[in-house]
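# Per-entry structural report
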Amino acid sequence: MTDSLQPDLLRMRAIIKDFPGTRALDGVDLELRAGEVLALMGENGAGKSTLMKILSGVWPSGSFAGEILRDGKPVSFEDTRNAHRAGIAMIHQELALFPELTVAEHLVLDQLPAVIDWDPIYRECQTFLDRLDFGLRADQVVKTLSIGSRQLVEIARALYRNAAIIVFDEPTSALSEKEVLKLYSIIRKLKSEGRGILYITHRMDEVFELADRVLVLRDGKSVAAFDRTERMERKELEPRLVAAMVGREIKDVFPLKNEPSKETVLHVQGLSLTRPNGRKRVHEIDFEVHAGEVLGFAGLLGSGRSEILESLFGYYHADGPKGSGFKVEGRVKVAGREFKIGRPVDSLRAGMAFLSEDRKGSGLMLGQSILANLSLARLSKQEGSSLVPLRAQDESERSRRWITDLRVRCTDPKQPIGHLSGGNQQKVVLAKWLETEPKVIFLDEPTRGVDIGAKAEIYQWIQKLASQGMGVVLVSSELPELIGLAHRILVLREGRISAEIPLKKEWGADIQERILEAASL
Amino acid sequence: MNHDSRNFRGLLLLATLGVLLHFLTQGTFTEARNLTNLTRQVAINGILAMGMTYVILIGGIDLSVGSVVALCGITAGMIQVKLGFADAVGAQAWLGVFLALGVSIATGLLIGLFNGWMITRYRIAPFIITLGMMVIARGAALILSDGAALSPTGDLFNELGQGYLPVIATLAVCGVLMALQIVRSLRRPLQAKQKALSLTGILLGGGAAAYVFGNYNGFPYPVILFGVLAVLGGWILSRTRAGRFTLALGGNPEAAWLAGVPIRALTLGIYTAMGALAGLCGAILTARLNGALPTAGELFELDAVAAVVIGGTSLQGGSGSVSGSVLGAFLIGTLNNGMSLMAIPEFYQKVIKGVIIVLAVWLDTRQKGQAAAKA
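Note that this is a predicted model, so its numbers are computed, not measured.

## Focus: the interface of chain B and chain A
In many reports, interface size means the accessible area that the parts give up when they come together. Chain B puts 27 residues into the contact, and the matching count from chain A is 43 residues. In total, chain B and chain A occlude about 2,800 Å² of area from one another, counting both sides; carbon and sulfur atoms represent 61% of this. Area buried by chain B at its contact with chain A is led by Arg-241, Trp-257 and Leu-258 of chain B, which between them contribute 30% of it. The interface formed by chain B and chain A includes two salt bridges. Asp-319 of chain A is the salt-bridge partner of Arg-264 of chain B, the closest N and O atoms lying 2.7 Å from each other. Breaking the side of chain B that touches chain A down by element, the ones donating at least two residues are α9 (221-239), α10 (241-251), α11 (253-258) and α12 (263-289) of chain B. Here the side of chain B that touches chain A takes seven residues from α10 of chain B, the largest share from any one element. The class makeup of the residues in the side of chain B that touches chain A is 15 nonpolar, six polar and six charged.

Encoded structure:
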């Protein structure tokens, strides 16, 4: 309940935001009081990021319905600067910093005079930083800092502007254990200074560590709010949080697992990836995938999960967009046959497929039709002259079949894929790879930015592919997803396998903790 | 918005412009002689625009085109003039033609290959490497020719730029093409209304071509080359894997690469083809002018880019069509021709042309934006 004397630091009321084809937010209410940490939870695609974009002025007033009250007074933001001025600061998940600028330059960037005298600025910033005690120096160039320190720069910037409301968007996803503890203590300090903290997270531990209240979003609606001051036991609260996020018990979302066969479809030995600067990102990894098996890769952001798949598939080949300089080594057998890691097209022809993590960045041609996206991989898998005419009839029949099979909601295969929702786009990308009839498929975060309904369908498909004898490698940041689908989980840490966890039919209640422990240590 | 309806609007615009110019020039514009000349003027820019469509579709640019036309023209001119083929007759003259044409195309091809190699191997931005090549090729043309024109070239060679397919053959080609198109359109699964529309289009277009070229000297050879190349280019883009790969590469290079598109070979191939087309245009231009000028082809690259952009191809790559660029080339050609006929001073012509190009693209972008907002 709102304290009658003092208005809430922030209120967002009945926020509605539409995108072409989807309603991202559907009447969300949020209130934040001074001196509290409000955890904002929800699955990917639940609308957390959209809500925060509205709060930080990325989506200007007028592009959504509903109102924002700051200290009880209605405000409207035309752009992010307006939001800054209203005392709202975002600490982004993918840090929004300029690698070539110094810490001090970041602090003063948006309030620079026309003519700059740097010396007093650096002195003033250093004094400010010393008071914060983050261990930052004003003249450090951001690109030389660790991810954790970069985050501290963002926080310092927010405090330099004297922000009253600070939004953290999954701040610990790339941090080490030590950095996480430091962040916790900083957040507690901010709280004691009377600032309001909005904390977006997937991790239960963090919620129970920091949050005073929890707000859960699902499919663009606020579905539940919990007040931690009511002293509910974690054992009692956690299942309710999960149920609120997922909308049903996790058990029901995941299909029954099949029994994998003994036959090996992918055998990898001594796989390593070296960056152009000589640093190794993947260290001599060995693993194998059996026919009909879902092998899960767990690990923190930057643990090398994606790089393993990218290396195997040929992403780092010198002809590719990254250019030469990367070195991939390792012995690979696909379905028993020796395979020399080459270009993606070689991997395709050997029977591999790779649904990449970044759908917009490397999965789709957003401006082109469903059909063009869907047949691309099959077309390049074909050998022979590329001047042979396409078979339009066959192509259109194929795409219609996939649209029906995967229940892609669209009007026509010629429809631009950018008009579809995230879930439907992802189904098309999946179809693109299944069109190549792979023996083993790599799925890197296959449900990122996908709504709950499509998510469940994708789970069904993964299970179906496995039971048809395909080998599946599944990378996911969502542990329930890995546990629900995989027969076996490899936990990665700093480019090495740190644990192997079998998940045949039964597993203990502490499974999530075991994985996290192996991932972060 | 799809390319068919875009092209339909483009055709309407062109027809309107034609009618307007007919009245503004008291009928001179629509005379068979003038329209024949118009198509011949369009041919070179059209061929370049066809190649440039591919270059822009993969998100690139080739600024060296105009200079390469000049350099290749000079090589053709040198063979014709310096090797004494200009006065040759019989088999000797034919040898001169093939030698000049071959060397010109080969020179362009090698330059294109070099551009593509630098782009794919050393990752130099296309803008930079082709800007450099623009200056280098121009310099080379001036060096080879000593800064002076090389003329006259041989009569047989000049046919390439000035000659005509005889009227009888022209009419026969028109007839056969129309018949083929009619059969094709009848066999396509279209609604009656669409069918009627496409038949009308074929009859009108074919009839107009037969009338114009039949009433004068027949098809100019450059126009035939342009027609064949445009059809081939359009067909490759819309009907083959290579075309799909081109669009994919421009639409999202990362996604194309992961999906197995041979992005390096494709890029190399497209710049090489662009160079070869520029080489061909160099030979045609030399033949048309009865000699090679080291200063020829100035700003051809920009006319080609303008035609492509007016034709609706996105400078970001990934979306566009050859037919749009062909229409764009005709639009620019019509403007040039019409303004000359109306005796608008050349300095003003440039301003008007620039304004119209900007206007056309602006209107198109606005329309696309509205279409996207509606979706």
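Next comes the rest of the description.
## A few points about helix α5 (residues 147-160) of chain A
Residue and element names in this part refer to chain A. In this model α5 runs 20 Å from its N-terminal to its C-terminal C-alpha over 14 residues, within 8% of the 20 Å that 1.5 Å per residue would give. Most of α5 sits out of view: twelve of its 14 residues are buried. Among the residues of α5, Gly-148, Ser-149, Gln-151, Leu-152, Val-153, Glu-154, Ile-155, Ala-156, Arg-157, Ala-158, Leu-159 and Tyr-160 are the ones counted as buried. Contact partners of the buried residues in α5: β6 (88-91), α3 (103-108), α4 (118-132), β7 (165-169) and α6 (177-192). Downstream of α5 by a residue or two, Asn-162 has a phi angle that is positive, lying close to 60 degrees.

## Quick word on a positive patch on the surface
There is a patch of like positive charges on the surface, built from Arg-400 and Lys-414 of chain A together with Arg-184, Arg-188 and Arg-239 of chain B. Looking at the secondary structure, you find Lys-414 of chain A in the loop between α14 (392-405) and α15 (422-434).

## Section: the sheet that holds strand β19 (residues 488-493) of chain A
All names here are of chain A. Strand order in the open sheet made by the six strands is β16-β17-β18-β13-β19-β20, with mixed pairing throughout. Edge strands, defined here as strands with exactly one partner in the open sheet, are β16 (352-355) and β20 (496-502). The average angle at which neighbouring strand axes cross in this sheet is 20 degrees, direction not considered. On the sheet, helix α10 (residues 305-313) packs against β13 (294-299), β16, β17 (440-444), β18 (471-475) and β19 and is oriented at approximately 140 degrees with respect to β16.

## Focus on unusual backbone geometry
Cis rather than trans, the peptide bond between Ser-151 of chain B and Pro-152 of chain B has omega equal to -5 degrees. With respect to the helices and strands, the residue Pro-152 of chain B is situated in the loop between α5 (126-145) and α6 (155-162). One non-glycine residue, Ala-14 of chain A, lies in positive phi territory at about 50 degrees. Mapped onto the elements, Ala-14 of chain A comes out in strand β1 (residues 10-19). Since its relative accessible area comes to 41%, Ala-14 of chain A is described here as partly exposed. A positive phi angle is found at Glu-170 of chain A, which is not glycine, with a value near 40 degrees. With respect to the element layout, Glu-170 of chain A can be found in the loop between β7 and α6. We classify Glu-170 of chain A as buried; its relative accessible area is 16%.

The rules behind each value
- Residues numbered from 1 in each chain as written.
- Chains lettered and ligands numbered in written order.
- Predicted model: local features only at pLDDT ≥ 70, side-chain atom pairs only at ≥ 80, totals over all residues.
- Heavy atoms only, no water.
- Contact = heavy atoms within 4.5 Å.
- Buried area = accessible area lost by both parts, 1.4 Å probe.
- Salt bridge = Lys/Arg side-chain N within 4 Å of Asp/Glu carboxyl O.
- Helix = DSSP H or I, 4+ residues; strand = E, 2+ residues; numbered from the N terminus.
- Nonpolar A, V, L, I, M, F, W, Y, C, P; charged D, E, K, R; others polar.
- Expected span 1.5 Å × (residues − 1).
- Buried < 20%, exposed > 50% of the residue type's maximum accessible area, 1.4 Å probe, protein only.
- Patch = residues over 30% accessible without salt bridge, like charges linked within 9 Å, V, L, I, M, F, W, Y side chains within 5 Å.
- Areas by Shrake-Rupley, 256 points an atom, 1.4 Å probe, with all protein chains shown as cover.
- Lys, Arg positive; Asp, Glu negative; His and termini not counted.
- Charge placed at Lys NZ, Arg CZ, Asp CG, Glu CD.
- Pairing = 2+ DSSP bridges.
- Axes fitted to C-alpha atoms, helices over the stretch in contact; angles between N-to-C directions.

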